[in-house]
Each structure stands twice: as structure tokens, then as C-alpha cells.
Amino acid sequence: MKAEFVFVALPISALVAPSAFAVRYFTVEQAQQAIFPGKSFTAMPVKLTGSQRKAIQQASGVRVLHDEQQVWRVSSGGWFIVDEVVGKHEFITYAAGLDGDGSVRQIEIMDYRETYGGQIRDQKWRAQFVGKTSKSTLKLDSDIKNISGATLSCRHITDGVKRLLAFYEIALKH
Amino acid sequence: MKSRSNIEIRRCRPLLGTFVEITACGRDERLVGRGIEAGFDAIAQVNRLMSFHDPESDVSRMNRDAFPKGVSVHPWTWQVMKAARRFAEESHRAFDITVAPLLTKWNYLPERCYRFSPGSTSRDIFLRSNYEVFFRRALIVDLGGIAKGFAVDRAVEALKNNGVKTGVVNAGGDLRAFGPASRFVYLRRPANPTSFAGVVRLRERAVATSGIYFERRKHDGHYVSPLLDGRRGQTARELISVSVAAAECMVADVLTKVVFALRAKAAGLLAQYRADALLLERDGTPSWRFHSPCDTGDRTRFD
């Protein structure tokens, strides 16, 4: 089996203002079709009252940051919800598909954004490994696809889903 | 690469307590989509079997009942237990899946009412035929240091079985690239993990990185982390990272923990598994490297 593994160290250059590492996995429409293929969707945004927010917080143990929730009714009877969570390092938009009985059908990450040191835009930094690669140029923003380096917890998503299930019980069911 | 294979699809789901991303390339969008589903299914299956948190998982069943009566487990769980025991032997217990009581104490794992005999180790694990696991003494196992790598390998297998020839499976830092394309993998700078220390070019190989920068916390006034030396239960405190590359992601995953504990003394084991290792100091400077003896003409080293 052919295998290769080459590491190129980067110099410690001055860190400029952080910019974002971002991946878009899905638009709203794509996520809808991925979770509920072939179904149609009716937008039904929900605005929570103060007491609903409180009830959701109490039931889930998770803070409710926004009083508006993006919700779609699915033609098959389920719900499609777009939600956001903020972590220490990351800002994530995700879609949750709930079946008619309120059980989680599927979760898909739609947008993942992470801050990193701005050295990535630094020409010197780029020059370090351009030429060592098989390609003559490296489009950095689009080429940072894979990051290895300790596990980043998805606890915020887990909490977000807990909050959405309480949201379903309090604001959607009936 | 995009010109050779028409499409590349990337999907990301929260699984195994982290973000699992699958990238797959191919000509037929439906085929690639099906492969990605099969990959996520394999990972979800490992998640169900090996979760410490889920009371129905094989891991929870073992922790409840493998001592004294023994439990039957899924062949995958059995395979991971077998590998874990072997790695514990080979690393003189620098890697040990029985350190869960300490992880519970430090709140990395939830408190459970399992029995536990102090001093028990993975030597007290017995694997019988018919996928039965038996503990000779009461012990608590956690597969957090090995299951993620195993899950990545199963996902790659599922993708290939579904006709996907090129792709990457990345489970929160434990990743494996397969197919003819080279991939660039960025390694985080340990003391400043939102910046990068370097780039790895990877082909037909897995890389795993362990570091404590996202997980370190204070306990009784001291820093602790879930990265433990199995021999004395010593916890990693320094903001460094260890990356290991190997053919299989499970091997890479485990060996990062061994290198963390043994440093240069891990060289023998790394050579045995044809693995490469790289230790990054807090500022991202490489302070130790190991180049595996290589059986191919390709470059396989941390240059």
C-alpha cells in the first residue's frame, strides 16, 4: 500500500486579528431534503413568550438565548428546525428533524465556524509550505479542510437538542 | 482532484461526543451519498456499542456484569477489547482502558454505581470465545481512548464497501484519508489551539492528535486532564500535543496516548506498528519526532 505522511512546521509569526475557519455543509433547502427527502416544507417561525422561554429553560436546563425559532412543518407530519449554538471556539448552525411524535429523526450540521489566529492570511506563512506541496498554489481558505488536534466536544449541540426537545413539548406539540 | 472525480460531498454530524465529518468523492452523487450514510451508520453503531454514558451500551453492560458472570458483546466491541488489552501489554500499561474511576472522580465521566476493586487493571480482562467478556476482578472500563479511531476505520470500510474510492473521515481530530488523493491536515498549536502549528500531507494513512488544551481543568487546585498514564494514573498537565500517523486510525489513536506517557521510550512500539510520531511544544515547535521504518518508496515522514 502506498502511503505518505509529510509534516511541515510553520513559524511562530505574529498573530493578527482572528478570522474564521468556516465550512458550509448545507443550505436550509439541502438540509431539508437530506433529512426529509421528497417532502414539502411550510415555514412556521415561532416567537416565544417570556413564560415559554422560562419553561423551556426549566425543562431542559439550557439557557434560551433567542425568542425566535426557525421552524418548518413537514408534509409528512414532522418538524424541521434550524438552530444555532455558540461554544468557546465555535459557532454552529444545525438542523434538527423531528418526527411527528417529537422524536429526533436526524441532526445535520449546516455551518461550522471556528476562530483561528489570522496568520493564515500572512504571505510569509504561506510561503513556508507552498512549493513543498505538489500544487504550485494553495488556496488556503478553501484548503483548510481537515484539522487534527485534540477532540473538540459537541456538548453544545447536545444541549441545543435538549433545548429543542423542550421547545417542541412547550411550543410545538398540540 | 475535483477534475478527476466529478463531485465531492462533505457532511458533518455530532457523534462520539465530537463532530464527525465525512468527505467522499466520486462520479455518481447518489452512490457517494449512500456511502456517506453507510459511514455515519457505522460510526453511530460504534457510538451505541461503546458509549460510557448509554446504559444499554456494551461498555455499560460490561461494567455492570462482566464481573463476576461475564457478558456477551458485539464482535466489534470484542475486537476493540482485544486490541485494548494487547496495547496495554505492549505499552506496559501506559495505555489502559481501566482508568475510568479517575475520570469519574474528575467529572470527565458520569458517576455510576459500578463495583470497583482498587488495583485492578486490564490484565483482569478475559476474552472468551463466542464474544464473551469476563472480568476477573471488579473493574470499570472506558473505551474513550480507542473507540474513536476504531469508528473511523469502520466508517472508511463502509465507504469503500459502498463503492467510494476516495475520501476522508475525521472524528474530531482522529482522521483517516483513503484513495489516491493527498490531503492536507492542519495541526493545532497546543497553547493557542485556534491557530495552526503546521500542515501534514497525508495519503492512504490515518493521523490522530491528542492534546489537553480543550479539556484541562482544575481539581482540588491542580490541573487535571482525561489523558492519563495507565501505570500510575498520572494526568497530563502540559499544553503539548502528540500526533501519530499509522495505517489504521485505531492504532494512531492509541499510540498518541502511549507517546504522551512514554515519549522516546515509545519508539519500539511505534516502529512495530510502522507509525510516525510528532510531539509539539506549547508554541507549536516540534520537539520530538519518530520516523517509522518504511516499506514503500514514498515519503512517510514528518519532515
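Residues numbered from 1 in each chain as written. Chains lettered and ligands numbered in written order. Predicted model: local features only at pLDDT ≥ 70, side-chain atom pairs only at ≥ 80, totals over all residues.

So what's going on with the overall build of chain B? Which residues, and what values?
In terms of helices and strands, chain B carries 7 helices and 17 strands. The buried share of chain B, taken over its 303 residues, is 54%. Within chain B, counting contacts between residues at least 6 apart in sequence, those at least 24 apart form 59% of the total. (Helix = DSSP H or I, 4+ residues; strand = E, 2+ residues; numbered from the N terminus. Buried ≥ 20, exposed ≤ 12 C-beta atoms within 10 Å, placed from the backbone. Contact = placed C-beta atoms within 7 Å.)

Tell me about the overall build of chain A, residues and numbers included.
For chain A, the helix and strand inventory stands at 5 helices and 9 strands. In chain A, the succession of α and β elements from N to C terminus is β-β-α-β-β-α-β-β-β-β-α-α-β-α. Taking the contacts inside chain A whose residues are at least 6 apart along the sequence as the reference set, 64% of them involve residues at least 24 apart.

Account for the sheet that holds strand S5 (residues 132-135) of chain B, naming residues and giving values.
All names here are of chain B. Taken together, 3 strands build an open sheet; the order of strands is S3-S5-S4 and the sheet is antiparallel. Here the strands that pair on one side only, and so sit at the sheet edges, are strand S3 (71-72) and strand S4 (125-128). Sheet topology places S4 next to S5; 4 bridges connect them, and they run antiparallel. If you follow isoleucine 125 over to S5, its bridge partner there is phenylalanine 135. The sheet contacts of helix H3 (residues 75-90) involve S4 and S5, and relative to S4 the element is tilted by about 135°. (Pairing = 2+ DSSP bridges. Axes fitted to C-alpha atoms, helices over the stretch in contact; angles between N-to-C directions.)

Could you give me a rundown of the confidence of the model for chain B, with the residues and numbers involved?
Residue and element names in this part refer to chain B. For chain B, per-residue confidence averages 85 on the pLDDT scale, and 83% of positions sit at 70 or higher. Mean pLDDT values over the elements of chain B span from 63, in strand S14 (residues 234-235), up to 97, in helix H5 (residues 147-161). Confidence over residues 296-301 falls short of pLDDT 50; this stretch has 17 contacts with residues more than four positions distant or in other chains. Predicted complex, confidence summary: ipTM 0.79, pTM 0.85. (pLDDT = per-residue confidence, 0-100.)

Tell me about the nonpolar core, and name the residues and values.
Nonpolar side chains in soluble globular proteins tend to end up buried together. Residues and elements named next belong to chain B. Membership of the largest hydrophobic core comes to 126 residues, with the highest contact counts inside it found for Ile43, Ala155, Val244, Ala252, Leu255, Val258 and Val259. Take this core: its biggest share by element is 11 residues, from helix H6 (residues 249-262). Both domains that furnish three or more residues to this core are identified here as domain 1 (58-135) and domain 2 (182-303). Excluding residues within four positions of it along the chain, isoleucine 43 makes contact with Leu15, Leu16, Val20, Ala151, Ala155 and Ala171. (Core = buried A, V, L, I, M, F, W, Y, C linked by C-beta atoms within 7 Å. Domains from an automatic or database assignment.)

Account for the sheet that holds strand S10 (residues 205-211) of chain B, naming residues and giving values.
Residues and elements named next belong to chain B. An order of S1-S2-S6-S7-S10-S15-S16-S17 is seen for the 8 strands of this open sheet, with the pairing classed as antiparallel. Strands with a single pairing partner mark the edges of an open sheet, and in this sheet they are strand S1 (7-15) and strand S17 (286-290). In this sheet, neighbouring strand axes are inclined to one another by 10° on average, regardless of whether the strands run parallel or antiparallel. Judged from the 9 bridges that link them, S1 and strand S2 (residues 18-26) form a sheet pairing that is antiparallel. Bridge assignment links proline 14 to a residue of S2, and that residue is phenylalanine 19.

Would you mind going over the confidence of the model for chain A in detail, with residue names and values included?
Residues and elements named next belong to chain A. Predicted confidence across chain A gives a mean pLDDT of 78, with 71% of residues reaching 70 or more. Throughout residues 13-20 the model reports pLDDT below 50, and contacts reaching past four residues in sequence, or to other chains, amount to 21 contacts. Of the regions scoring below 50 in pLDDT, residues 117-142 engages in 36 contacts with residues more than four places distant in sequence or in other chains.

Describe the packing of H5(B) against H6(B), and please don't skip the residues or the numbers.
Residue and element names in this part refer to chain B. Put simply, H5 and H6 touch, their axes get as near as 7 Å, and they point 165° apart. When the axis of H5 is compared with that of H6, the two are roughly antiparallel. In this structure, the crossing between H5 and H6 has a hand that is right-handed. Contacts between H5 and H6 pair Lys148, Gly149, Phe150, Val152 and Asp153 from the former with Cys249, Met250, Ala252, Asp253 and Val254 from the latter. Taken together, the residues that form the contact of H5 with H6 break down as 6 nonpolar, 1 polar and 3 charged. (Parallel < 35°, antiparallel > 145°, perpendicular 65-115°, else oblique. Left-handed = near helix turned anticlockwise from the far one by under 90°. Nonpolar A, V, L, I, M, F, W, Y, C, P; charged D, E, K, R; others polar.)

Kindly report on H5(B), identifying the contributing residues and their values.
Each full turn of the α-helix corresponds to 3.6 residues, which orients residues three or four apart in the same direction. Residue and element names in this part refer to chain B. The terminal C-alpha atoms of H5 lie 21 Å apart, and with 15 residues this matches the ideal 21 Å at 1.5 Å per residue to within 8%. Burial runs high along H5: 12 of the 15 residues are buried. Downstream of H5 by one or two residues, glycine 163 has phi in the positive range, about 90°. (Expected span 1.5 Å × (residues − 1).)

How would you explain helix H1 (residues 29-50) of chain B if you had to name every residue and give the values?
Residues and elements named next belong to chain B. A rise of 1.5 Å per residue sets the reference length of H1, with its 22 residues, at 32 Å; its end C-alpha atoms lie 32 Å apart and thus fit the reference within 8%. Val32, Gly35, Ile36, Ala38, Gly39, Phe40, Ala42, Ile43, Val46, Asn47, Leu49 and Met50 are the residues of H1 that are buried. On the buried face of H1, the contacting elements are S1, S2, helix H2 (58-65), H3, H5 and strand S6 (166-171).

Residues and numbers for the environment of A:Val28, please.
All names here are of chain A. In this structure, valine 28 sits in helix H1 (residues 28-35). In this structure valine 28 comes out as partly exposed when scored by C-beta crowding, with 16 C-beta atoms within 10 Å. As for valine 28 and isoleucine 109, which are separated by 81 residues in sequence, their C-alpha atoms are 11 Å apart.

Tell me about the environment of B:Gly144, and name the residues and values.
Mapped onto the fold, B:Gly144 is located in the loop between S5 and H5. As a C-alpha pair, B:Gly144 and B:Leu16 span 128 residues in sequence and 8.9 Å in three-dimensional space.

Can you break down the environment of B:Leu255 residue by residue, with the values?
Residue and element names in this part refer to chain B. Looking at where leucine 255 falls in the secondary structure, it is placed in helix H6. Its 31 C-beta neighbours within 10 Å are what place leucine 255 among the buried residues. For leucine 255 and isoleucine 146, which are 109 residues apart along the polypeptide, the C-alpha to C-alpha distance reads 9.4 Å.

Let's hear about the packing of helix H2 (residues 50-60) of chain A against helix H5 (residues 155-172) of chain A: which residues, and what values?
Residue and element names in this part refer to chain A. Where H2 contacts H5, the axes come no closer than 9 Å and their chain directions differ by 130°. In terms of axis orientation, H2 runs oblique to H5. Like other packed secondary-structure pairs, H2 and H5 cross with a definite hand, here right-handed. Contacts between H2 and H5 involve Gln52, Ala55, Ile56, Ala59 and Ser60 on the former and, on the latter, Lys162, Arg163, Ala166, Phe167, Glu169, Ile170 and Ala171. For the contact of H2 with H5, the residue count by class is 7 nonpolar, 2 polar and 3 charged.

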